[in-house]
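Descriptive structure summary
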Amino acid sequence: MSAKSSGAANTTNPTVTAWVDEVAHLTRPERIHWCDGSEAEKEALTKLAVELGVLTPLNQTKRPGCYYHRSNANDVARVEQCTFICTSNPEDAGPTNNWMAPRDMYAKLRALCEGAMRGRTMYVVPYLMGPPGSPLTKVGVEITDSIYVVLSMRIMTRMGSAAYAQLGNSPNFNRGLHCMLDVHPDRRFIAHFPEDNAVISVGSNYGGNVLLGKKCLALRIGSWLGRKEGWMAEHMLILGVESPTGEKTFVAAAFPSACGKTNFAMLVPPPAFKGWKVWTIGDDIAWMKPGPDGKLYAINPEAGYFGVAPGTSMKSNPNAMKSIARDTIFTNVALTPDGDVWWEGHDAPPPKECLDWRGQKWTPDSKEKAAHPNSRFCAPAANNPMLAPEASDPNGVPISAIIFGARRSTTMPLVYQAFNWIHGVYVGATMGSEMTAAAAGVLGQVRLDPMAMLPFCGYNMGEYFLHWLRMRKLITHPPRIFHVNWFRKGEDGKFLWPGFGENMRVLKWIVDRCRGGANAEETPLGWVPGPNAFDLTGMEDFNVDDLARAQSFNVEEWRNEVVKSNELFLKLYSHLPKELIFQRELLVSRF
Ligand code: OXD
Ligand code: MN
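Below, the structure is looked at part by part. (Residues numbered from 1 in each chain as written. Chains lettered and ligands numbered in written order. Predicted model: local features only at pLDDT ≥ 70, side-chain atom pairs only at ≥ 80, totals over all residues. Heavy atoms only, no water.)

Here we come to the site of ligand 1. Near ligand 1, the surroundings consist of ten residues, among which R78, K215, S257, D284 and R376 are the closest. Within the contact set of ligand 1, an oxygen atom lies 2.9 Å away from a side-chain nitrogen or oxygen of R78. Among the residues forming the shell around ligand 1, the class breakdown is three nonpolar, two polar and five charged. (Near = heavy atom within 4 Å. Polar contact = N/O pair within 3.5 Å; in protein donor to acceptor, adjacent residues only side chain to side chain. Nonpolar A, V, L, I, M, F, W, Y, C, P; charged D, E, K, R; others polar.)

See the structure below:
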């Protein structure tokens, strides 16, 4: 191998070194840098990224340790049409995933990667998904030619030598190869090989496509491994609610991308909830496994937040604003003349002039948005003042409630509780949500997104539902399951429920239900809050009739909902568990 090495090749793991040799032979980098995750390395790589123009330092007095990055304008979101699950048998990937035979995809990608790192540095990035020493934690090694990816992986994962320490000489790690190529959409593939625990991503430099620990390992490969090994990889935030008497209740919640998971995970209770606290464990991904006591335990495999910037403010999410005050990489937001960042929905008024996400002059009269709607911050979880002390507990936290949430301007009530686990699986499986800018697609269109996992389930979705049903047998104290919708609108097009911190009122009802308190009424949908179930103290300006409207359900709209869910059921028919068909019949008969 002719490439020069820098950084210590801090592993003697023979599978890692052989694979690095193989990739170097294929991609022909000029040098190989073995990352160790140290502070000195971070400083050196940041300096280099600035010299290369990949990062721009922000105003270091206002935002110490913060940097700005602009992506290629054609590369700003996840691209589901370029995302593949490559299994020997197409049925294993199922009808909701793009499929290609592993042999064909390997051949195609090898051809694209041949010599792709000539004149460039190849970085070898070892990382842990999960706290060190947890039985749920997995090791990954990402090889990338993007210094932006290295610095972002350092925030989003526990990156560095700790990963080799956990791996020892085992061959069990996720092999991730990322080559930017010429960042052209025609040569963009995010290919998963679950049978080999491997991922190859080419032609993109956007976080969701290239921070391979996140969507690729923690969700697509993770869901495959979870089914095989008896655990669950879910697109869920994890939070802990602490009552004034110090009792903690842990909740996991699945919402599609850009539907407020980060805001909910960092919720600040309104003043009327004196003594109540909400602690964050994770804002995007939960790995959950039954514990010896029969409860379902969850860890957050990540160590940072890759959050949507627009709409984030001291009003909507003060803990996120504090989390991004330092040591954060901002991508595709607007850059102000004083070296700070801005986006639509920021507390600060629009700057008189700034550079937009494309680097063009922007003024408040400009027609385009200053920040891309999917612009992001990448911030260390350690910055969050409400980071739960349990976030790095290798045992995880016991989950009492699972919440499914969607963005729906009609049909879905503010909250209801499923009658039992099987009904809850039906509720999650038939979830639909209006599309957002986090993925390329038609904004606002309702699409079925079961358990918010449609873009992330690494195997046949019908089998995934079966896995959920089977897990019930391993859990003697199953979490209660709920559905929420913060986004319902009235006839005037305005949101019926104020959302954000006020969601604490709904969360408290959920927590009380899990603890055997709080009144509820039975409806055809499930259990709903009884009269006066919500404490509305401090919401004097709120029209209580809007709560009734937000909570109402309309049989005609629900008929359409059932018809829509049939589309997915038909698509998955050969693998669909019959329990879900019974649940649909029960729902229809309750109407
Ligand atoms: C994310 C996403 O970035 O879901 O978390 O797209
Ligand atoms: Mn997500």
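There's more to say after this.
Our next topic: the coordination of the manganese ion (ligand 2). Protein ligation of the manganese ion (ligand 2) involves K215 (NZ), H235 (NE2) and D284 (OD), the donor distances falling in the range 2.2 Å. All donors to the manganese ion (ligand 2) come from one chain, and their sequence spacing reads K-x19-H-x48-D. Here H235, found in the loop between β13 (232-234) and β14 (236-242), pairs with D284, found in the loop between β16 (277-282) and β17 (286-290); they are 49 residues apart in sequence, far enough to count as distant. D284 shares its class with H235; the two are buried. (Donors = N, O, S within 2.8 Å, 3.2 Å for Na, K, Ca; no water. Helix = DSSP H or I, 4+ residues; strand = E, 2+ residues; numbered from the N terminus. Buried < 20%, exposed > 50% of the residue type's maximum accessible area, 1.4 Å probe, protein only.)

The tendency in soluble globular proteins is for nonpolar side chains to be buried as a group. Core analysis: the biggest nonpolar cluster contains 96 residues, and M288, I402, F404, F465 and W468 have the highest contact counts within it. Per-element tally for this core: the top contributor is helix α5 (residues 147-156), with eight residues. One finds L237, W276, L414 and L507 within the second-largest nonpolar core, a separate group that totals 35 residues. (Core = buried A, V, L, I, M, F, W, Y, C linked by side-chain atoms within 4.5 Å.)

Moving on to the pattern of salt bridges. A full pass over the atoms with the stated rule returns 26 salt bridges. Close ionic contact of E585 with R584 constitutes a salt bridge, the shortest N to O distance being 3.0 Å. Ionic contacts of the salt-bridge type, sharing partners, join the residues K214, K215, K261, D284 and E302 into one network. (Salt bridge = Lys/Arg side-chain N within 4 Å of Asp/Glu carboxyl O.)

The next thing to look at is the environment of N554. By secondary structure assignment, the location of N554 is in the loop between α14 (544-551) and α15 (555-571). A polar side-chain atom of N554 sits 2.8 Å from the main-chain amide nitrogen of E556. Looking at N554, its side chain comes within polar contact range of the main-chain nitrogen of E557, at 2.9 Å.

This part covers helix α11 (residues 421-429). Of all nine residues making up α11, eight are buried, and the element is well covered by its neighbours. Looking only at α11, the buried set comprises W421, H423, G424, V425, Y426, V427, G428 and A429. A side-chain oxygen of the first residue of α11 lies 3.2 Å from the backbone nitrogen of I422; this N-cap is N420.

Bringing the packing of helix α2 (residues 39-51) against α5 into the picture now. Relative orientation of the contacting elements α2 and α5 amounts to 145°, with a least axis distance of 10 Å. Here α2 and α5 pass one another in a crossing that is left-handed. On α5, the residues touching E39, K42, L45, T46, L48 and A49 of α2 are I147, V150, L151 and R154. Along the lines of polarity and charge, the residues of the contact of α2 with α5 split into six nonpolar, one polar and three charged. (Axes fitted to C-alpha atoms, helices over the stretch in contact; angles between N-to-C directions. Left-handed = near helix turned anticlockwise from the far one by under 90°. Contact = heavy atoms within 4.5 Å.)

Next up on the list: the side chain of S223. Examined against the element boundaries, S223 turns out to sit in helix α8 (residues 213-229). A distance of 2.9 Å separates a polar atom in the side chain of S223 from the backbone oxygen of R220. From its side chain, S223 meets the backbone nitrogen of G458 in a polar contact 2.9 Å long. Discounting residues that sit within four places of it in the chain, S223 has contacts with A233, M453, F456, C457, G458 and Y459.

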